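Here is what each chain is made of, one letter per residue.
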Amino acid sequence: MTPDFSSVHNHYERPVFDAVARMAPNYPYLSEEQLPDVACVALNRLGARYIRHTVDLAFYLTEKERLSMEQTISDAVSFAFEFVQARIAMRARR
């Protein structure tokens, strides 16, 4: 028997991808090609929270925990945009 792990994923992936797409217009100097780098930096700041079903996590979170997670995601994505933008600017100066 081979277990099927295809339903296991990091809960933060979809909300971070959505936040990056939503915030991208605020960073016109970053290309679409650089947005996955922003997502990676943000996800690395958040750590992992693996789940099988998003609805399961939503069911067990309190309103306070959900709001805290949303703020944490927003902070991580903002940091990531600034970090990637700064790294690109540093490379351009060389």
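Residues numbered from 1 in each chain as written. Predicted model: local features only at pLDDT ≥ 70, side-chain atom pairs only at ≥ 80, totals over all residues. Heavy atoms only, no water.

## A few points about the overall build of the protein
Next up, step 1: Assigned secondary structure in the protein consists of four helices and two strands.
Next up, step 2: Its helices and strands in sequence order give the protein the pattern β-α-α-β-α-α, from N to C terminus.
Next up, step 3: For the protein, whose C-alpha radius of gyration is 16 Å, the value lies well above the compact-globule estimate of 12 Å for 94 residues.
Next up, step 4: Dimensions along the principal axes, computed over C-alpha positions, put the protein at roughly 55 × 40 × 20 Å.
Next up, step 5: Looking at the protein as a whole, 30% of its 94 residues qualify as buried.
Next up, step 6: Across the protein, the centroid of the 11 positively charged side chains sits 7 Å from that of the 12 negatively charged ones. (Helix = DSSP H or I, 4+ residues; strand = E, 2+ residues; numbered from the N terminus. Rg over C-alpha atoms; globule rule 2.2 N^0.38 Å. Buried < 20%, exposed > 50% of the residue type's maximum accessible area, 1.4 Å probe, protein only. Lys, Arg positive; Asp, Glu negative; His and termini not counted. Charge placed at Lys NZ, Arg CZ, Asp CG, Glu CD.)

## What about the layout of surface pockets?
Next up, step 1: Taken as a whole, the largest pocket spans an internal volume of roughly 190 Å³.
Next up, step 2: Of all the secondary structure elements, the ones that give two or more residues to the lining of the largest pocket are α3 (54–60) and α4 (63–93).
Next up, step 3: A per-element tally of the lining of the largest pocket places α4 first, with five residues.
Next up, step 4: Taken together, the residues that form the lining of the largest pocket break down as six nonpolar, three polar and three charged. (1 Å grid on protein atoms, 1.4 Å probe; cavity = no way out; pocket = protein on both sides within 12 Å on 5 of 7 lines; lining within 4 Å. Points joined across faces, edges and corners; volume = space filled by probe spheres on them. Nonpolar A, V, L, I, M, F, W, Y, C, P; charged D, E, K, R; others polar.)

## Description of the nonpolar core
Next up, step 1: Y12, V16, V20, V38, I73, V77 and F81 are the most contacted members of the largest nonpolar core, which has 25 residues in total.
Next up, step 2: Sorting the residues of this core by element identifies α1 (13–23), α2 (35–46) and α4 as the ones contributing at least two each.
Next up, step 3: Sequence-distant contacts of Y12, that is, excluding residues within four places in its chain, are made with L43, L46, G47, R49, M69 and I73. (Core = buried A, V, L, I, M, F, W, Y, C linked by side-chain atoms within 4.5 Å. Contact = heavy atoms within 4.5 Å.)

## So, the confidence of the model for the protein
Next up, step 1: Mean pLDDT over the protein: 93, with 100% of residues reaching 70 or higher.
Next up, step 2: The element-level mean pLDDT for the protein is lowest in α3, coming to 79, with α2 highest at 98. (pLDDT = per-residue confidence, 0-100.)

## Focus on the packing of α1 against α2
Next up, step 1: Across the interface, α1 lies against α2 with an axial gap of 10 Å and an inter-helix angle of 135°. The angle between α1 and α2 places the two elements in the oblique class. Here the hand of the crossing between α1 and α2 comes out right-handed. Residues E13, V16, F17 and V20 of α1 touch α2, and the partners they reach there are L35, V38, A39, A42, L43 and L46.
Next up, step 2: By residue class, the composition of the contact of α1 with α2 is nine nonpolar, no polar and one charged. (Axes fitted to C-alpha atoms, helices over the stretch in contact; angles between N-to-C directions. Parallel < 35°, antiparallel > 145°, perpendicular 65-115°, else oblique. Left-handed = near helix turned anticlockwise from the far one by under 90°.)

## Some thoughts on a nonpolar patch on the surface
Next up, step 1: Taken together, the side chains of F5, V8 and Y50 present a nonpolar region at the surface, about 360 Å² in accessible area.
Next up, step 2: Tracing the chain through its elements places V8 in the segment before β1 (9–10).
Next up, step 3: Judged by its relative accessible area of 39%, V8 falls in the partly exposed class. (Patch = residues over 30% accessible without salt bridge, like charges linked within 9 Å, V, L, I, M, F, W, Y side chains within 5 Å. Areas by Shrake-Rupley, 256 points an atom, 1.4 Å probe, with all protein chains shown as cover. Salt bridge = Lys/Arg side-chain N within 4 Å of Asp/Glu carboxyl O.)

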